[in-house]
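The residues making up each chain are set out below.
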Amino acid sequence: MLTLSQRLQPREQEVAAKVMDGEAIIINLANGVYYSMDKAGGFIWEMIQRKHSLEETVTALMARYDVSREQAQKDVEQLVDELLRENLISASDDQSPVAGDPLPDPPERLPYELPTLNIYQDMGDLLALDPPTPGLEDISWTDPGETPSGA
Amino acid sequence: MRLLVWQEQFWPQIGGIEVLATKLFSSLRQRGYEISVVTRQDRLDLPKQGQYQGVAIYRYPIWAAITRRDIDQIVEIRRHIKELKRAFQPDLIHNNGLGPSALFQLDTVDAHVVPSLVTLHTTLKSVIPMRVRQDALFKRTLLAANWVTCVSTAVLDEARQLVPEIRLRSSVTYNGLDFSAPPPAPLPFNVPRILCLGRLIRDKGFDLALRAFASLADHMPGLRLVIAGDGPARSSLEDLAVELGLQDSVEFLGWVSPDNVPALMNSATLVVMPSRREGLPGVALEAALMARPVVATTVGGVPEVVLHHKTGLLVAQDDQEALAEAILFLLTHPATATAFGQAARRRAQEVFSFERYVDAYDALYQRILVRSGRSPKNLRVNPPALT
């Protein structure tokens, strides 16, 4: 059972992740499942990447977004549960967060939305539907009178 | 109207959807549309940007990025697509087909929020579980769309079963045929040729065509089977032809330019489509255009194009014997085969005209904008030319 003092971290061997403009993109390298989170979700992921405790994450979330402590704690715990179920994070033994500049706070607290983990499970199925087609390099295809460009 | 189209593959890739899309977009441009296409850069020799008939093309290595699970490339593609959306400022986004590229449309939707349309071109039962998870890209894309249109009633029925929430915002839009092709030639019964045309993948069922042909070849020594197209199943099909002793009577043409398909059709006595999965079969439409009778399986939208005993013959999926019988019947009943082909052409002119097809999409785009609270009068009438 997680406590608020628990520190977490991404499972670095199994997961590739990047945060860009506050959006977290995550890939499970074992099964190819793709995830994304933005806004509050992206922020929580950044806190996890820095090995902050749940308590530190809740506090930082309240400083950044217009959200009550009760709501922030409930949503952080729910999201963390989901990330654990998806095998994207694990408990960290570190006693303090990763050293580095703190995440900058906006001048005013931002409107809050429920952090959501977008999961895309069927990439393999969709890839199988329309694989690349070989051998087209020498096929010409023009309408009469048209000169194609960009080929 | 500025239209941003998501399409798994586009010019110069050859396929039914790709060829039809270029014709649709060309016609829409004549009606004042400004169109950009986001597509996969499956061939690295193709440039990242180009254009065809005034349509701007943006290619991204989506297949490679997803299959290699390359997070850096995925993030880079997302960044570029967000920039494209912000720069192009589309009035509407059209997912023309649904594949892995849709991930990049759905995940960048906040970059420029506009209504979206999804066109489904094929049935999916063989690849998508009937109980679709909430977190499936397929379902999420359909749920996020303002409207879903399908190329046949079969595809629509299945889509509504998989995602019932789209019931009231979905429809059928039949593909169209360009009737500017050369006129059909008489069916050649003196040198009978069976034609299979399409991507060489298991779903097209050309292995069944080979097996059915093998049972006929001994009885009709001059009969030939032509398989036009390419794909991952080619070598296994060629091996099967050898295994069945057909190497002298079966010809593998490889890819055929869309410009040459009418002439190819004119050389055929009949067209065989033993497909295991189809949305609205473009090859059957091409065959109808050239007054060729079709022997096909009753899958997906095939029965909406091929009318049994009127424009062709239908057999059950994977029924090799019935396939061979149907082919033999048409080859030995030239008057019936000719009548079927001519009826197919007449019906195609009524039901699958190209003008009707362009009108349908033009009206659908406008309707989606109105339903989403955007009035066409607010749109730029004379969009700036692409530079």
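Residues numbered from 1 in each chain as written. Chains lettered and ligands numbered in written order. Predicted model: local features only at pLDDT ≥ 70, side-chain atom pairs only at ≥ 80, totals over all residues.

A word on the overall build of chain B. Tallying secondary structure elements over chain B gives 14 helices and 14 strands in all. Taking 2.2 N^0.38 as the reference for a compact globule, 387 residues should give roughly 21 Å; the C-alpha atoms of chain B span a radius of gyration of 22 Å, in line with that estimate. Overall size of chain B, expressed as C-alpha extent along the three principal axes, is 65 × 45 × 40 Å. Counting all 387 residues of chain B, 51% fall into the buried class. The long-range share in chain B, meaning contacts at least 24 apart out of those at least 6 apart in sequence, stands at 68%. (Helix = DSSP H or I, 4+ residues; strand = E, 2+ residues; numbered from the N terminus. Rg over C-alpha atoms; globule rule 2.2 N^0.38 Å. Buried ≥ 20, exposed ≤ 12 C-beta atoms within 10 Å, placed from the backbone. Contact = placed C-beta atoms within 7 Å.)

This part takes up the overall build of chain A. A count of helical and extended segments in chain A gives 4 helices and 6 strands. Listing each helix as α and each strand as β along chain A from the N terminus yields β-β-β-β-α-α-α-β-β-α. For chain A, the proportion of contacts with a sequence separation of at least 24, taken over those separated by at least 6, is 66%.

This next bit is on the nonpolar core. One finds Leu61(A), Ala159(B), Leu270(B), Val271(B), Ala284(B), Val295(B) and Ile327(B) to be the most contacted residues of the largest nonpolar core, which totals 156 residues. Not counting chain neighbours up to four residues away, the residues in contact with Val271(B) comprise Leu195(B), Leu197(B), Val283(B), Ala287(B), Arg292(B) and Val294(B). (Core = buried A, V, L, I, M, F, W, Y, C linked by C-beta atoms within 7 Å.)

Attention now goes to the pairing of strand β10 (residues 224–228) of chain B. Residues and elements named next belong to chain B. The buried count for β10 comes to 4 of 5 residues, which makes it a mostly enclosed element. One ladder, built from 5 bridges, connects strand β9 (residues 193–197) with β10; its direction is parallel. Within β10, the residue paired with Leu-195 across the bridge is Val-226. Handedness of the β-α-β unit built from β9, helix α7 (residues 206–217) and β10 comes out right-handed. Both β10 and strand β11 (residues 250–254) contribute to a ladder of 4 bridges, which runs parallel. Along β11, the bridge assignment pairs Ile-227 with Phe-252. (Pairing = 2+ DSSP bridges. Right-handed = clockwise from strand over helix to strand, strands pointing away.)

Let us now look at the packing of α7(B) against helix α8 (residues 234–243) of chain B. Residue and element names in this part refer to chain B. α8 packs onto α7 with a crossing angle of 10° between their chain directions and a minimal axis gap of 10 Å. Between α7 and α8, the interaxial angle falls into the category roughly parallel. Residues Phe-206, Asp-207 and Leu-210 of α7 touch α8, and the partners they reach there are Leu-237, Leu-240 and Ala-241. A per-class count over the contact of α7 with α8 returns 5 nonpolar, no polar and 1 charged. (Axes fitted to C-alpha atoms, helices over the stretch in contact; angles between N-to-C directions. Parallel < 35°, antiparallel > 145°, perpendicular 65-115°, else oblique. Nonpolar A, V, L, I, M, F, W, Y, C, P; charged D, E, K, R; others polar.)

So, on to the domain arrangement of chain B. Residues and elements named next belong to chain B. Domain boundaries assigned for chain B yield domain 1 (2–176 + 353–378) and domain 2 (193–351). On a C-alpha basis, the centres of domain 1 and domain 2 stand 30 Å from each other. Counting residues at the interface gives 18 residues for domain 1 and 14 residues for domain 2. Breaking the side of domain 1 that touches domain 2 down by element, the ones donating at least two residues are α1 (16–30) and α6 (153–162). (Domains from an automatic or database assignment.)

So, about the environment of Met37(A). Residue and element names in this part refer to chain A. Examined against the element boundaries, Met-37 turns out to sit in strand β4 (residues 34–37). Classification of Met-37 as buried rests on a count of 23 C-beta atoms within 10 Å. Distance in space between the C-alpha atoms of Met-37 and Thr-116 is 6.1 Å, their sequence separation being 79 residues. Excluding its chain neighbours within four sequence positions, the residues that come into contact with Met-37 are Ala-24, Gly-42, Trp-45, Pro-115, Thr-116, Leu-117 and Asn-118.

What follows is about the sheet that holds β9(B). All names here are of chain B. With parallel pairing, the 6 strands of this open sheet are ordered in space as β11-β10-β9-β12-β13-β14. Only two strands of the sheet have a single neighbouring strand rather than two, namely β11 and β14 (312–315). Neighbouring strand axes in the sheet, compared pairwise and without regard to direction, differ in orientation by 20° on average. As defined by bridge partners, strand β13 (residues 294–297) adjoins β14 across 4 bridges and the pair is classed as parallel. Note that in β14 the partner of Ala-296 across the bridge is Leu-314. Against the sheet, helix α10 (residues 282–289) engages β9, β12 (270–273) and β13, with an angle of about 170° to β12.

On to the sheet that holds strand β1 (residues 2–6) of chain B, then. Residue and element names in this part refer to chain B. Taken in spatial order, the 8 strands line up as β3-β4-β2-β1-β5-β6-β7-β8 in an open sheet, and their pairing is mixed. Across the chains shown, the open sheet's two edge strands, defined by having one partner strand only, are β3 (49–52) and β8 (170–172). Here the average twist between neighbouring strands, direction ignored, is 25°. As paired strands, β3 and strand β4 (residues 55–60) are joined by 4 bridges and run antiparallel to one another. Note on β4: the bridge partner recorded for Gln-51 is Ala-56. Across the sheet, α6 touches β6 (116–120), β7 (147–150) and β8, and the angle it forms with β8 is around 160°.

Next up on the list: unusual backbone geometry. Residue and element names in this part refer to chain B. With an omega of 10°, the peptide bond between Trp-11 and Pro-12 qualifies as cis. On the secondary structure map, Pro-12 appears in the loop between β1 and α1. A positive phi angle, close to 65°, is found at Asp-318, a residue other than glycine. Mapped onto the elements of the fold, Asp-318 is located in the loop between β14 and α12 (320–332).

Below, the discussion takes up the confidence of the model for chain A. Across chain A, the average pLDDT comes to 84, with 87% of residues at 70 or higher. Long-range and interchain partners of residues 143–151 of chain A, a stretch whose pLDDT sits below 50, account for 13 contacts in this model, where long-range means more than four residues apart. (pLDDT = per-residue confidence, 0-100.)

To continue, consider the pairing of strand β2 (residues 34–40) of chain B. Residue and element names in this part refer to chain B. In terms of burial, β2 is largely enclosed, as 7 of its 7 residues are buried. Neither face of β2 is left uncovered, since the one carrying Glu-34, Ser-36, Val-38 and Arg-40 and the one carrying Ile-35, Val-37 and Thr-39 both have all their residues buried. Bridge count for β1 against β2 is 5 bridges, and the pairing is parallel. Residue pairing across strands places Arg-2 opposite Glu-34, the latter belonging to β2. Between the parallel pair β1 and β2, the chain is carried across by α1, and the sense of this crossover is right-handed. One ladder, built from 5 bridges, connects β2 with β4; its direction is parallel. Counterpart to Val-37 in the pairing with β4 is Ile-57.

Attention shifts here to the packing of α1(B) against helix α14 (residues 354–371) of chain B. Residue and element names in this part refer to chain B. At a minimum axis distance of 10 Å, the contact between α1 and α14 shows a crossing angle of 65°. The orientation of α1 relative to α14 falls into the category roughly perpendicular. The way α1 lies across α14 gives a crossing that is right-handed. Residues Leu-24, Ser-27 and Leu-28 of α1 form the contact with α14, whose own contacting residues are Tyr-357, Val-358, Tyr-361 and Asp-362. Here the contact of α1 with α14 is built from residues that sort into 5 nonpolar, 1 polar and 1 charged. (Left-handed = near helix turned anticlockwise from the far one by under 90°.)

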